[in-house]
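# Examining the three-dimensional arrangement
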Amino acid sequence: NAGVTQTPKFQVLKTGQSMTLQCAQDMNHNSMYWYRQDPGMGLRLIYYSASEGTTDKGEVPNGYNVSRLNKREFSLRLESAAPSQTSVYFCASMLRGTDTQYFGPGTRLTVL
Amino acid sequence: SQQGEEDPQALSIQEGENATMNCSYKTSINNLQWYRQNSGRGLVHLILIRSNEREKHSGRLRVTLDTSKKSSSLLITASRAADTASYFCATDGVNRDDKIIFGKGTRLHILP
């Protein structure tokens, strides 16, 4: 099993550009999450999806959209990137009832 | 707002010594978890303790939970260089919405 995979690993954008971060898991987990991690801030939840077809806002959803394409895949889209979105983005998944999240390796995004 | 707050923010100890990190939280929980993050990597789940448990062990890890004080501690015994990482506590809420909230983490550095 590959676990949770994320693409790309690194990305540099100019202000106003758009991009989609991809996440996939092969563990048949119900729930998937997107976090951002900034120095000294810990992890902050952007969006999550409790099951296929549902998505909910987390703590910091502004400037982002998500799509739960199927049970395996959960993408995060930046429509118009801003320097404040420079961060490391982590995707995670969880089997409902276990309360244990599995994380991908992260995407390091820089917005100039 | 963050649910869990780790203390200290950073900790340096000699290899072989024990490392203790603390976590305080604000609202009632069903369980509390500890995760480790090596530099440049995603988070890895270490241990989960439920609200009706007071202590749990896993190898060199010992976790305690005091729900009356809304606090938890993570003890790593006989530390090794490979234990150098950031450690995060994470709490769920009693409303069972599949979200967990992470603290800002403790950076642990094991000196050779």
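Since the model is a prediction, treat every value here as computed from it, not as a measurement. (Residues numbered from 1 in each chain as written. Chains lettered and ligands numbered in written order. Predicted model: local features only at pLDDT ≥ 70, side-chain atom pairs only at ≥ 80, totals over all residues. Heavy atoms only, no water.)

## Details of the nonpolar core
Among soluble globular proteins, nonpolar side chains are generally buried collectively. Threshold: The definition of a nonpolar core used throughout is a set of buried Ala, Val, Leu, Ile, Met, Phe, Trp, Tyr and Cys residues joined through side-chain atoms within 4.5 Å. Using a 1.4 Å probe on the protein chains alone, a residue whose accessible area is under 20% of its type maximum counts as buried, one over 50% counts as exposed, and one in between counts as partly exposed. Helical segments are the DSSP runs of H or I of at least four residues, strand segments are the runs of E of at least two, and each set is numbered from the N terminus. We call two residues in contact when some of their heavy atoms are within 4.5 Å.
Judged by nonpolar contacts, the single largest core of 22 residues is most densely connected at B:Met21, B:Leu32, B:Trp34, B:Leu74, B:Ile76, B:Tyr87 and B:Leu108. Elements represented by at least two residues in this core include exactly strand E2 (10–14), strand E3 (19–24), strand E4 (31–37), strand E5 (43–50), strand E7 (61–66), strand E8 (71–76), strand E9 (85–92) and strand E11 (106–111) of chain B. Not counting residues within four places of it along the chain, the set of residues in contact with B:Leu108 comprises B:Leu11, B:Ile13, B:Ala19, B:Met21, B:Ile76, B:Asp83, B:Thr84, B:Ala85 and B:Tyr87. With 20 residues, the next largest nonpolar core counts A:Leu13, A:Tyr47, A:Val60 and A:Cys91 among its residues.

## Things to note about the state of the cysteines
Every disulfide links exactly two cysteines, by a covalent bond between their sulfur atoms. Residues and elements named next belong to chain B. Cut-off, in case you're wondering: Note on terminology: pairs of cysteine sulfur atoms within 2.5 Å are recorded as disulfides.
Taken as a whole, this structure holds two disulfides over all chains when the rule is applied. One disulfide in the model links Cys 23 with Cys 89; its S-S distance is 2.1 Å. Residues Cys 23 and Cys 89 share a disulfide whose torsion about the S-S bond is about 65 degrees; that sign makes it right-handed. Here the residue Cys 23 occupies a position in strand E3, and Cys 89 occupies one in strand E9, the gap between them amounting to 66 residues. Overall, the relative accessible area of 1% leaves Cys 23 in the buried class.

From the geometry alone we can't say anything about function, so treat these as descriptive.
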